[in-house]
Amino acid sequence: MVRLQKVNPLDDKILDELGFTWHTDSDGTKYVSDELVKISPDEAEAFYTATNEIYDMYVEAAEYVIENNLFFDLGIPFNLVESIKKSWENDVHWHIYGRFDLAGGIDGKAIRLIEFNADTPTSLFETALLQWALLKHNDMDEQSQFNNVYKAITNNFKRLITLFDDTDIFDDRYDGWKILFSSISGNDEEEATTKLLQQIATDAGFNTSFEYLENTHFDENGIYDADENPYEYWFKLYPWEDIAHNEPELATTLNNIMQNQKAIILNPAYTLLFQSKGMLKILSDLFPDSPYLLKTSFEPLEGIKQVEKAVFGREGANTKIINADGSVTEQTDGPYENYKKVYQEYVDFPKDKNGSKYQAGVFFAYEACGMSFRKGSEIMDNMSKFVGHMIV
Amino acid sequence: MKHISSIAGGVALGSAGVVMMSILSGCEAPQEQQQNRFLVIEQQTNGKYIVVEEMPTEGASRAIIREKDENGNTTERFMNEAEMKALAEQEYQKVQDGTSETIQDGGGSAGMGLAGTILAVAAGSLLGNMIGNALMNNKNFSKNSASSNKSAYSRSAASRTSKSSTRKSFFGSSSRTSSSRSYGS
């Protein structure tokens, strides 16, 4: 049974003031739970260790995919293959942050990788700021949380300049290079997430600006805001695969910009490899003995309960839970039906007394740096709730 | 918990933390204003203070003072603009008397008292540009100001250019207009 601690919620007015306007779901229910998941110090430490090991496996698996030219198997759009290879070759294409979704880790259950949101992860505002604010608001020990997300991402922005050296030398090496942050207009959550990242980069010491995606300009020589100011870095909270499919001309332009070394795009194109659920199959082949991986295949698995997912599916859409006998117990529709499918061994999430299920989300920025939970039913979708945590 | 880090006093949240803390503590939401600063001032083992973080803020100037209590535990307190201004004025009096450490040669190299530190880094925004500029013209003050500030103050904004071009924009018709959350993304 998941252990929970009831807390006083932050009221909507405070949340609005904090810039967290997506506090109420479309069915009128609160998106942020008024309970915290209680985890032990050992459980927190185990999440930390597991996440770091899983990231290392992803790096090895990506190397394997690139060497063996397995892009097609992973469903990678052909017009991004060059960009992926180029970004992989040079460390300046630094991965700023990602979020691993994990089953287990509490209630005596083993930690299992569900998927890796490596390209455009959200839930950042909630994890880095909101769950800390809940402790503060309830006069609880604000140190009793695995939450170093803000500082870790600050340091990781500095590594765009210092790479593997000590981030303390950022000030000596930084020469005024600017980062432009972009998200699509009309989506509060994505805009607030992007602006939070901008604020983190500003705290790191970068010159930064924000421009909506539709007002950002591109040519072979670079990336510009609406006033035609050029930028050395561009962070886009917009999926690479959507650029490939919806804006193929831009995919080509971005490839040329990278080729000409005119700008660096974040998160790097290789995070699309990590993002593909096809990687779960590659990982399962390369590391069959890893305790963190579930058996995964491009073909339906024989004789076991499993989950069918689209390689670039999001928010639990286009997901099917298939029993050992082939019958389907649960399934969701969505816009990702045309993507290739993977079949991942089923694992049950930890449950509370009402039968709600909990999935851990662990953020990674150079190392595992903080976590939170999602509460939902069998398939975690965009109606699942955010649940903070405390270490006791 | 060897590897598990957490947030102490909101300071690890940088400029986001100060906004969060002021809203959670019921202070007014920050007003639109230019060039004010948010400072994190830390007491050193010698009892002196230095600025470890400095960020421009759109609201009033504010500071978090991080000190050690008698048991060696780190405590943090919040200082609003009025309190900072009072300390800066008090120290400015000493400047005029010639007794302030902010105008002594080498005064700031190992940190200064709290009032001196605040005056050294924020004289202009707290007491006005005339006083700020006058102080900066004092060689010792200017040196002490620099050495009491260890923060990575963000550089001036990008200079604007206005050349016309044939650059393309995208995302016009294909924008996702969903207002729902997107956890999976």
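Just above, that's the structure.
What you are looking at is a predicted structure, and each value in this text was computed from that prediction instead of being measured. (Residues numbered from 1 in each chain as written. Chains lettered and ligands numbered in written order. Predicted model: local features only at pLDDT ≥ 70, side-chain atom pairs only at ≥ 80, totals over all residues. Heavy atoms only, no water.)

A. Region of the structure containing helix H3 (residues 81–89) of chain A. Looking at H3 of chain A, one finds that the buried residues are Val81, Ser83, Ile84, Lys86, Ser87 and Trp88 of chain A. Buried-residue contacts for H3 of chain A involve helix H2 (41–67), helix H9 (248–259) and helix H10 (271–275) of chain A. (Buried < 20%, exposed > 50% of the residue type's maximum accessible area, 1.4 Å probe, protein only. Helix = DSSP H or I, 4+ residues; strand = E, 2+ residues; numbered from the N terminus. Contact = heavy atoms within 4.5 Å.)

B. Looking closely at the pairing of strand S4 (residues 74–79) of chain B. As defined by bridge partners, strand S3 (residues 62–68) of chain B adjoins S4 of chain B across six bridges and the pair is classed as antiparallel. Residue pairing across strands places Lys68 of chain B opposite Thr74 of chain B, the latter belonging to S4 of chain B. (Pairing = 2+ DSSP bridges.)

C. Main features of the pairing of strand S18 (residues 367–376) of chain A. Residues and elements named next belong to chain A. Of all ten residues making up S18, eight are buried, and the element is well covered by its neighbours. Of the strand pairs in this sheet, strand S17 (residues 357–365) and S18 are connected by nine bridges, and their pairing is antiparallel. Looking at the pairing, Gln359 lines up with Arg374 of S18. Between S17 and S18, which pair antiparallel and follow one another directly, the connecting turn spans one residue, one of which, Tyr366, has a positive phi of 75 degrees.

D. Seen up close, the pattern of salt bridges. By the definition in use, this model includes 24 salt bridges over all chains. With its nearest N and O atoms 3.5 Å apart, the salt bridge here joins Lys341 of chain A to Glu337 of chain A. Given the relative accessible area of 14%, Lys341 of chain A is considered buried. Judged by its relative accessible area of 49%, Glu337 of chain A falls in the partly exposed class. Of the charged contacts in the structure, one is a salt bridge between Arg66 of chain B and Glu76 of chain B, with a shortest N-O distance of 3.3 Å. (Salt bridge = Lys/Arg side-chain N within 4 Å of Asp/Glu carboxyl O.)

E. Layout of the sheet that holds strand S3 (residues 98–103) of chain A. Residue and element names in this part refer to chain A. With mixed pairing, the seven strands of this open sheet are ordered in space as S1-S2-S19-S18-S17-S3-S4. At either end of the open sheet lies a strand with only one pairing partner, and these are strand S1 (4–6) and strand S4 (112–117). Strand-to-strand twist of the sheet, defined as the mean angle between neighbouring strand axes without regard to direction, takes the value 35 degrees. Here S3 pairs with S17 via five bridges, running antiparallel. Across the sheet, residue Leu102 finds its bridge partner in S17, namely Ala360. Running at roughly 120 degrees to S3, H2 makes contact with strand S2 (32–39), S3, S4, S17, S18 and strand S19 (385–391) of the sheet. (Axes fitted to C-alpha atoms, helices over the stretch in contact; angles between N-to-C directions.)

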